[in-house]
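Next come the chains, spelled out residue by residue.
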Amino acid sequence: MDVAYVNPFISSTIETFKTMMKIDVQPGKPSLKVNGEPTHDVSGIIGLSGGAQGAISLSFPKIVALKSVSAMIGMEIKIIGPEITDGIGEIVNIIAGHAKQNLTGYNLTISLPNVVVGKNHSVITPTGTPCIVVPFTSMIGIFAMEVSLKTEK
Amino acid sequence: MKILVVDDSNTMRRIIKTLLAGLNVNDVLEAENGEVGLATLRNNMPIDIVMLDWNMPVMDGFTCLKAIRADATLKNVMVVMCTSESEKGKVVEALKEGANNYIVKPFTPEIVKEKLKL
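Computed from a prediction, not measured in an experiment: that's the story for all the values here.

A.B. asks: Is there a simple way to explain the interface of chain B and chain A in this structure?
C.D. replies: Interface size, as often reported, equals the accessible area lost upon joining of the parts. Facing the 19 residues of chain B at the interface are 23 residues of chain A. Per-element tally for the side of chain B that touches chain A: the top contributor is helix H1 (residues 10-22) of chain B, with six residues. A per-class count over the side of chain B that touches chain A returns six nonpolar, nine polar and four charged.

A.B. asks: How do you make sense of the packing of helix H2 (residues 62-73) of chain A against helix H3 (residues 82-99) of chain A when you look at a structure like this?
C.D. replies: The angle between the axes and the distance between the axes are what describe a pair of packed helices. All names here are of chain A. Their axes nearest at 9 Å, the elements H2 and H3 cross at an angle of 80 degrees. Our classification of the angle between H2 and H3 gives roughly perpendicular. For the pair H2 and H3, contact is made by Ala65, Leu66, Ser68, Val69, Met72 and Ile73 and by Glu83, Ile84, Gly87, Ile88 and Ile91, respectively. In terms of residue class, the contact of H2 with H3 is made up of eight nonpolar, two polar and one charged.

A.B. asks: Is there a simple way to think about the nonpolar core in this case?
C.D. replies: Soluble globular proteins tend to pack their nonpolar side chains together in the buried interior. One finds Ile56(A), Ile88(A), Val92(A), Val50(B), Met51(B) and Leu52(B) to be the most contacted residues of the largest nonpolar core, which totals 75 residues. In terms of residue count, the dominant contributor to this core is H3(A) (eight residues). For Met51(B), the contacting residues outside a window of four places in its chain are Ile3(B), Val5(B), Val6(B), Ile16(B), Val80(B) and Cys82(B).

Parameters at a glance
- Residues numbered from 1 in each chain as written.
- Chains lettered and ligands numbered in written order.
- Predicted model: local features only at pLDDT ≥ 70, side-chain atom pairs only at ≥ 80, totals over all residues.
- Contact = placed C-beta atoms within 7 Å.
- Helix = DSSP H or I, 4+ residues; strand = E, 2+ residues; numbered from the N terminus.
- Nonpolar A, V, L, I, M, F, W, Y, C, P; charged D, E, K, R; others polar.
- Axes fitted to C-alpha atoms, helices over the stretch in contact; angles between N-to-C directions.
- Parallel < 35°, antiparallel > 145°, perpendicular 65-115°, else oblique.
- Core = buried A, V, L, I, M, F, W, Y, C linked by C-beta atoms within 7 Å.
- Buried ≥ 20, exposed ≤ 12 C-beta atoms within 10 Å, placed from the backbone.

Next comes the structure, spelled out in structure tokens:
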């Protein structure tokens, strides 16, 4: 299984947090996700289509979602509401879009973002599409990126 | 200097507005999609610069760019795409259709200042 397509999403995540939030994030070891495994409390999801089909999601514990968006807009937000869902959607949108420049072989189109809020929800991928989970650590806490992409390769 | 920011993300509009204020640009209008952006532009001329996101509901930024360039009354408006669409082909496509410059998200204040020629 070729999972090199995950790398542009990892580097895009590092760059987006550094540029937009002035936060250094460190990726952990990628692993294959078992469907049904819970993620965190707030997930931003973007669909990918074109030469490959799938989705990328970023999933945050509530406190990390609050701190991430607060850092991005330069103002403290204390509750999960429209500002957080919009902000998390924009973060995953920037990461997916920026990663595309290093995935030109797939000719990907990205959807508008969706954001799911709920404790320990799970993002399920279609059967037969592998989902790679990349944990991240940072000074504001942990979060996870999930990339599921059905490719011909 | 009057700037119109067209982006479906309220968060991004707020970030850009704060960033522009730091560059002493305080006359900033906002719109949440290309259709509203086009109407806001026509109703508030003269506007110097339009910052245009690409992926938006109702009317995307690329369609909006083409509509702006097809309107003779808007020919002097500087249009700068400000989008996460980072592929070279998209950049070329937008410049061919008349975008004056292209900012790829994520961006720094320095990049915005340079691309908007502030």
